[in-house]
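Inside the fold
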Amino acid sequence: MSIAATSAIKSMASSIKLAATTATPPKRMRSMKAALTLTPAAVNRLRQLVRDPDPKLIRVAVKNKGCAGLSYVLEYTKNKGKFDEEVTQDGVTVLIDSKSLFKMLGSEMDYVEDKLSSKFVFNNPNVKESCGCGESFTV
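Everything in this summary refers to the structure shown in the same document. Within each chain, residues carry numbers counting from 1 in the order of the written sequence. Residues qualify for local features only when their pLDDT is at least 70, as the model is predicted, and side-chain atom pairs are given and counted only at 80 or more; totals for whole chains, interfaces and linings, by contrast, use all residues. Heavy atoms throughout the structure, all of them, feed into the side-chain values; hydrogens and water do not.

1. Examining the pattern of salt bridges
Side chains bearing opposite charge may pair, as long as their charged atoms lie close to each other. Criterion for a salt bridge: a side-chain nitrogen of Lys or Arg within 4 Å of a carboxyl oxygen of Asp or Glu. Counted under the stated rule, the structure contains two salt bridges. A salt bridge links E75 to R59; the shortest N-O distance between them is 3.3 Å. Taken as a pair, E75 in strand 3 (residues 70–77) and R59 in strand 2 (residues 57–64) lie far apart in primary sequence, 16 residues in all. As a salt-bridge pair, D84 and R59 come within 2.8 Å of each other at their nearest N and O atoms. With D84 in the loop between strand 3 and strand 4 (85–89) and R59 in strand 2, the pair connects residues that are 25 residues apart, well separated along the chain. Taking the relative accessible area as the measure of exposure, D84 reaches 8% and is therefore buried. Salt bridges linked by common partners bring R59, E75 and D84 together as one network. Elements are defined by DSSP. Helices are runs of H or I of four residues or more, strands are runs of E of two residues or more, and each kind is numbered from the N terminus. Relative accessibility thresholds used throughout: buried, under 20% of the residue-type maximum; exposed, over 50%; partly exposed, between the two (1.4 Å probe, protein chains only).

2. Digging into unusual backbone geometry
Positive phi, close to 50°, is recorded for D90, a residue that is not glycine. If you trace the backbone, D90 turns up in the loop between strand 4 and strand 5 (92–96).

3. Looking at the sheet that holds strand 7 (residues 118–123)
Between any two strands, pairing holds if DSSP finds at least two bridges. Read from one edge to the other, the open sheet built from three strands follows the order 1-6-7, with strand pairing classed as mixed. Because the sheet does not close on itself, it has two edges, and the strands there are strand 1 (36–38) and strand 7. When the angles between neighbouring strand axes are averaged without regard to direction, this sheet yields 30°. With three bridges connecting them, strand 1 and strand 6 (residues 107–113) associate as parallel partners. For L36, the partnering residue across the bridge sits in strand 6 and is S107. Sitting on the sheet, helix 2 (residues 40–50) touches strand 1, strand 6 and strand 7, and the angle it makes with strand 6 is about 75°. Every angle, taken between N-to-C directions, lies between 0 and 180 degrees, and every axis is a line fitted to C-alpha atoms, over only the stretch in contact when it is a helix. Only heavy atoms enter the contact rule, under which two residues are in contact if any of them lie within 4.5 Å.

Have a look at this one:
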């Protein structure tokens, strides 16, 4: 083998080695945490609330109010907002207000009934503290 051929092979090997070290690694698929999960009781109650000849959606938001600073607000809406997060589970769709999404990420929505009241309850892993009555919280 000639000196020129040997030099060309070394140059090629060097280029291949350089390309291998500078190549970007393949992107890894990350599992995304669900924005909101619904318990079976919440799914059943939401089905009852939106069952109507005039279809509507329920939007969940976190607003500044209450003694701890933040509180959950549920409201009916006919349309999805441009940046609302849509959560569909077991045939039920809930919208999350875009400004509230990071405060609710990973939460579970439940529906609880007792002898004196019935309400939606949120189990939110982002809550740092809540007030004594449990109606408001801080993240």
